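Architecture and fold: a report
The residues making up each chain are set out below.
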Amino acid sequence: MKIHHIGYVVSDIEQGIELFRDTYGYKLLKERTYDPVQRVWLALLSSENNYLVELIQPCDETSPSFDFMQKGGGMHHFCYEVSDFEETIKNMKKKDHILFKRPVEAVLLDNRKVAFLFSKKDRKIIELVVRTGE
Amino acid sequence: MDKKIKELFVTVIGIKIDDLNDENSPKNTKSWDSLNHLVLIAAFEDAFEIDIEPEEIAFMFKSFSNFKSVVERKLINR
């Protein structure tokens, strides 16, 4: 699977943007955007060699990533871009992953559908995004 | 079965079994956060050989009563 972006949780998205853009040299691709489904503020940045980082700021304690931020935040998930969405989910479920969020539209990613899984083996969150044009 | 469910739950969450009842919820059980909830789901899927759906995962995150009811239903329908 091809990595689309890395999700990174911050307590203040403006400070996060400032850090990644002004210190690490990332280019801001998408300004602060509210995602009503995840109840988070999001921003998308690109490194000099085109790695994408999604900054995530939970809005309140009802945001899915709030507990993660309370534990310090930082690297939250890998997002993989896949062509066959349903088949990939099916295969990952067979290989010790739990689907905990069914496909929903992601406002930051031009309303492309994303799903969230949890790896039982390393206890990490994986996001899948469907490849454009499918 | 109730005892087995409780034992696994407290082992994962790290509380005493005497402190667990139907009223326990993420709001009054500090270690039961959204990440540990997924660890719980993984532990129950593996231990009881059940599959838990996304909607059930969200429902189970409301209270231990909800959590237990889903596991019990899965075991009856297995």
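Because the structure is predicted, anything quoted here is derived from the model rather than measured.

Calculation notes
Residues numbered from 1 in each chain as written. Chains lettered and ligands numbered in written order. Predicted model: local features only at pLDDT ≥ 70, side-chain atom pairs only at ≥ 80, totals over all residues. Axes fitted to C-alpha atoms, helices over the stretch in contact; angles between N-to-C directions. Helix = DSSP H or I, 4+ residues; strand = E, 2+ residues; numbered from the N terminus. Parallel < 35°, antiparallel > 145°, perpendicular 65-115°, else oblique. Left-handed = near helix turned anticlockwise from the far one by under 90°. Contact = placed C-beta atoms within 7 Å. Nonpolar A, V, L, I, M, F, W, Y, C, P; charged D, E, K, R; others polar. Buried ≥ 20, exposed ≤ 12 C-beta atoms within 10 Å, placed from the backbone. Pairing = 2+ DSSP bridges.

Considerations on the packing of helix H1 (residues 2-13) of chain B against helix H2 (residues 34-48) of chain B
The angle between the axes and the distance between the axes are what describe a pair of packed helices. Residues and elements named next belong to chain B. With their axes 10 Å apart at the nearest point, H1 and H2 run at an angle of 140° to one another. In terms of axis orientation, H1 runs oblique to H2. Once H1 is placed against H2, the crossing between them reads as right-handed. Along the contact surface, H1 presents Leu8, Phe9, Val12 and Ile13, while H2 presents Asn36, Val39, Leu40, Ala43, Phe44 and Ala47. The residue inventory of the contact of H1 with H2, partitioned by class, reads 9 nonpolar, 1 polar and no charged.

Topic: unusual backbone geometry
Where the residue is not glycine, phi is negative for most of them; where a peptide bond is considered, it is trans in most cases. All names here are of chain A. With a phi angle near 70°, Asn50 is a residue other than glycine that sits in the positive phi range. Judged by C-beta crowding, with 7 C-beta atoms within 10 Å, Asn50 ranks as exposed. Notably, Arg123 is not glycine yet its phi reads approximately 55°, a positive angle. Exposure remark for Arg123: the 12 C-beta atoms within 10 Å place this residue in the exposed category.

Points about the sheet that holds strand S8 (residues 125-130) of chain A
Spatially, S2-S3-S4-S1-S5-S8-S7-S6 (chain A) is the arrangement adopted by the 8 strands of the open sheet, whose pairing is mixed. Two strands close off the open sheet at either side, each with one partner strand: strand S2 (27-35) and strand S6 (97-106) of chain A. Adjacent strand axes in the sheet meet at a mean angle of 25° when their direction is disregarded. Lying on the sheet, H2 of chain B is in contact with S6 and strand S7 (112-119) of chain A; it crosses S6 of chain A at an angle near 130°.

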